[in-house]
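# Observations on the three-dimensional arrangement
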Amino acid sequence: MTSKIHYNKIKDENDKTYIVRCPFKNCNSRIIQVSPELSQKLPRYNINNLKNVLINILDNNNDDDDDDYDSRISIGGKSDNENELKKLIKLNDMWDFDNIGVSRPNSNLINESFIIKDIDHSDTEILKEDIGKSIEIIRYLVCADCDRGPIGIAANILDSVSEEQQDGEVKDLNKVNANPNTLVYFLSVDSVLYELKD
C-alpha cells in the first residue's frame, strides 16, 4: 500500500494528483481524489477558533510508523487567540466527495462565532466577499466507513455576526437551515491524510 502523508508534505505538490484518505488506523477510506485541475478550483478558507472543534494530525517528521497515525491524532483545547487559524477546503456540495459522512445537526456549535479570516484561491477576487463573514456550524464531517472524526464541518455562511447574537441571543437549531443539501462543506486539511499518485 502506498504511504500516506501529512498535508505539510503535499501542499507544494500542486502538479500531482492525490487521494485524500481517512486518518484513522485500520481505515483507508477514500474521501476525495484531487487532480491538479481540481486543486486549482478548490478554495482554502482560513477560519479562526476551530482548533477545539476538529481533529488534528500531529505532523511528525518520522515516517517510519506512518501506519500508526491513529496515535498521533489530537483535538486541541479551546483557544482565545483569533490568529490561530484552521485551513479548510471548501466544497459546495456533499456529492463532490467520493465518500463522506455527516453527523446529526449539532446545537452546541451554532451559538459560537467562527470567522472567515482569509481565502487562498487563484480567483481570490471572486471569493473576497466571504472574508469577514461568519460560519454557523450545523453538522460535522466524519469518515463514511469508520464513522470517526470530525474531519470537517458542514455550515451556513452568514453575512456577519449580528448585534443580537453578540448580546448573547441563543439560536434555536430548529430555526436554522440544517438541510444537508443546502449547506457548504469544509474539509480540514490537517485532519486527513494524503496519498500521492504517480
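Up top is the structure these notes are about.
Residues numbered from 1 in each chain as written. Predicted model: local features only at pLDDT ≥ 70, side-chain atom pairs only at ≥ 80, totals over all residues. Heavy atoms only, no water.

### Thoughts on the overall build of the protein chain
A count of helices and strands for the protein chain gives four helices and twelve strands. Of the roughly 10,200 Å² of accessible surface on the protein chain, a fraction of 40% belongs to carbon and sulfur atoms. (Helix = DSSP H or I, 4+ residues; strand = E, 2+ residues; numbered from the N terminus. Areas by Shrake-Rupley, 256 points an atom, 1.4 Å probe, with all protein chains shown as cover.)

### Things to note about the state of the cysteines
A disulfide bridge is the covalent bond that connects two cysteines by way of their sulfur atoms. A complete count under the given rule lists zero disulfides for this structure. Cys-146 carries a free sulfur, and the closest cysteine sulfur to it, the one in Cys-143, is 3.7 Å from it. (Disulfide = S-S within 2.5 Å.)

### Quick notes on the environment of Pro-36
Within the secondary structure, Pro-36 sits in helix H2 (residues 36–41). When the C-alpha positions of Pro-36 and Lys-16 are compared, they lie 5.8 Å apart, and in sequence the two are 20 residues distant.

### Things to note about the pairing of strand S8 (residues 114–120)
Regular strands place side chains that alternate from one sheet face to the opposite one. With four bridges connecting them, strand S3 (residues 44–48) and S8 associate as antiparallel partners. Counted as the bridge partner of Ile-47 is Ile-116 from S8. Both S8 and strand S9 (residues 134–142) contribute to a ladder of two bridges, which runs antiparallel. Bridge assignment links Ile-115 to a residue of S9, and that residue is Ser-134. (Pairing = 2+ DSSP bridges.)

### Considerations on unusual backbone geometry
Omega for the bond connecting Gly-149 with Pro-150 falls within 30 degrees of zero, at 5°, which places this linkage in the cis form. Residue position: Pro-150 is located in the loop between S9 and strand S10 (152–158). A positive phi is found at Asn-26, a non-glycine position, where the angle reads about 65°. When you line up the elements, Asn-26 lands in the loop between strand S1 (18–21) and strand S2 (30–34).

### Points about the pattern of salt bridges
A complete count under the given rule lists five salt bridges for this structure. Of the charged contacts in the structure, one is a salt bridge between Asp-98 and Arg-30, with a shortest N-O distance of 2.9 Å. On the criterion of sequence distance, the pair formed by Asp-98 in the loop between strand S6 (85–91) and strand S7 (101–102) and Arg-30 in strand S2 is long-range, its members being 68 residues apart. Classification of Asp-98 as partly exposed rests on a relative accessible area of 42%. Ionic pairing is found between Asp-130 and Lys-133, a salt bridge with its closest N-O pair at 3.6 Å. The class for Lys-133 is buried, based on a relative accessible area of 16%. If you follow the salt bridges from partner to partner, you end up with Lys-90, Asp-130 and Lys-133 in one network. (Salt bridge = Lys/Arg side-chain N within 4 Å of Asp/Glu carboxyl O. Buried < 20%, exposed > 50% of the residue type's maximum accessible area, 1.4 Å probe, protein only.)

### Some remarks on the nonpolar core
Grouped together as the largest cluster of nonpolar side chains are 34 residues, with contacts concentrated most on Val-20, Ile-31, Phe-97, Ile-151 and Tyr-194. Breaking this core down by element, the ones donating at least two residues are helix H1 (7–10), S1, S2, S6, S9, strand S11 (184–188) and strand S12 (193–196). Per element, the largest residue contribution to this core is three residues, and it comes from S2. Contacts of Val-20, omitting those with residues within four sequence positions, involve Ser-29, Arg-30, Ile-31, Ile-32, Val-34, Leu-187, Val-192, Leu-193 and Tyr-194. (Core = buried A, V, L, I, M, F, W, Y, C linked by side-chain atoms within 4.5 Å. Contact = heavy atoms within 4.5 Å.)

### Quick look at the sheet that holds S12
Spatially, the three strands line up as an open sheet ordered S2-S1-S12, and their pairing is antiparallel. Only two strands of the sheet have a single partner each, and these edge strands are S2 and S12. Neighbouring strand axes in the sheet, compared pairwise and without regard to direction, differ in orientation by 25° on average. Both S1 and S2 contribute to a ladder of four bridges, which runs antiparallel. (Axes fitted to C-alpha atoms, helices over the stretch in contact; angles between N-to-C directions.)

### Re the side chain of Ser-103
Its location among the elements puts Ser-103 in the loop between S7 and S8. At 2.8 Å, the side chain of Ser-103 forms a polar contact with the backbone nitrogen of Tyr-140. (Polar contact = N/O pair within 3.5 Å; in protein donor to acceptor, adjacent residues only side chain to side chain.)

### Observations concerning the packing of aromatic side chains
Tallied over the entire structure, the rule returns four aromatic pairs. When the centroid spacing of 5.6 Å and the interplanar angle of 70° are considered together, the rings of Tyr-18 and Tyr-194 count as edge-to-face. Residue Tyr-18 is found in strand S1, and its partner Tyr-194 is found in strand S12; the two are separated by 176 residues along the sequence. Per residue, the accessibility class of Tyr-18 equals that of Tyr-194, and both read buried. (Phe/Tyr/Trp six-rings, centres within 6.5 Å; stacked < 30°, edge-to-face > 60°.)

Everything listed here is a matter of coordinates, which is why it stays silent on function.
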